[in-house]
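Each chain, letter by letter, is given below.
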Amino acid sequence: MDNARTIIEHNFRGSEGSFIYDLHERNIFNMSAFKAYVDAITQLTQQTQDDQMIERALMDQVFFTYSYILKSVIWHLDMNDHSSIENVSDEQLTEMIERLETVVRKFIQGNAK
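Residues numbered from 1 in each chain as written. Predicted model: local features only at pLDDT ≥ 70, side-chain atom pairs only at ≥ 80, totals over all residues. Heavy atoms only, no water.

Draft legend 1. Seen up close, the environment of Tyr68. For Tyr68, the position within the fold is in helix α4 (residues 56-77). Each C-alpha atom of the pair Tyr68 and Met53 lies 24 Å from the other, and the pair is 15 residues apart in sequence. In contact with Tyr68, other than residues within four places in its own chain, are Ile20, His24 and Trp75. (Helix = DSSP H or I, 4+ residues; strand = E, 2+ residues; numbered from the N terminus. Contact = heavy atoms within 4.5 Å.)

Draft legend 2. Seen up close, a negative patch on the surface. Side chains of Asp90, Glu91, Glu95, Glu98 and Glu101 sit close together on the surface and give a patch of like negative charge. On the secondary structure map, Glu95 appears in helix α5 (residues 90-109). (Patch = residues over 30% accessible without salt bridge, like charges linked within 9 Å, V, L, I, M, F, W, Y side chains within 5 Å. Areas by Shrake-Rupley, 256 points an atom, 1.4 Å probe, with all protein chains shown as cover. Salt bridge = Lys/Arg side-chain N within 4 Å of Asp/Glu carboxyl O. Lys, Arg positive; Asp, Glu negative; His and termini not counted. Charge placed at Lys NZ, Arg CZ, Asp CG, Glu CD.)

Draft legend 3. Structural detail: the packing of helix α3 (residues 31-48) against α5. Here α3 crosses α5 at 20°, and the two axes come no closer than 9 Å. Regarding the angle of α3 to α5, the classification is roughly parallel. Crossing geometry of α3 relative to α5 is assigned as left-handed. Across the interface between the two elements, Met31, Phe34, Tyr37, Val38, Asp39, Ile41, Thr42, Leu44, Thr45 and Thr48 from α3 touch Gln92, Met96, Arg99, Leu100, Val103, Val104, Lys106 and Phe107 from α5. The residue inventory of the contact of α3 with α5, partitioned by class, reads eleven nonpolar, four polar and three charged. (Axes fitted to C-alpha atoms, helices over the stretch in contact; angles between N-to-C directions. Parallel < 35°, antiparallel > 145°, perpendicular 65-115°, else oblique. Left-handed = near helix turned anticlockwise from the far one by under 90°. Nonpolar A, V, L, I, M, F, W, Y, C, P; charged D, E, K, R; others polar.)

Draft legend 4. Spotlight on the packing of aromatic side chains. Tallied over the entire structure, the rule returns six aromatic pairs. With a centroid separation of 5.3 Å and 80° between ring planes, the pair formed by Phe12 and Phe64 is classed as edge-to-face. Here Phe12, found in helix α1 (residues 2-13), pairs with Phe64, found in helix α4; they are 52 residues apart in sequence, far enough to count as distant. For Phe12, a relative accessible area of 27% translates into the label partly exposed. According to the relative accessible area criterion, Phe64 is partly exposed, its value standing at 36%. Both rings, one in Phe29 and one in Phe34, keep their centres 5.1 Å apart while their planes meet at 45°; by these two values the pair is tilted. Grouping residues by exposure puts Phe29 and Phe34 together as buried. Feature note: the residues Phe12, Phe64, Tyr68 and Trp75 constitute an aromatic cluster, connected by ring pairs. (Phe/Tyr/Trp six-rings, centres within 6.5 Å; stacked < 30°, edge-to-face > 60°. Buried < 20%, exposed > 50% of the residue type's maximum accessible area, 1.4 Å probe, protein only.)

Here's what the structure looks like:
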């Protein structure tokens, strides 16, 4: 669980090498960093699914990163905004956001299946 929490925390902080760092600072959709982020949420879901209460700080970090990713995609699609994501098509972006939504929803529900 520590590695999964570390990945979430690094994304929350925008640490160099994290998915959010690459998205924000480099304007790229780093597929391997995205996969590590999604896998971390999936692992945390599996590890905490029997817990009635999940640590608020962890929930906040997952929610913040999820929200930030969604906002980044919205900014990317706004033609009046200078934000862009260079290396991914809009179709791929939609697919990744749908995958992310599913994983985050399962995390919140405590449903690892």
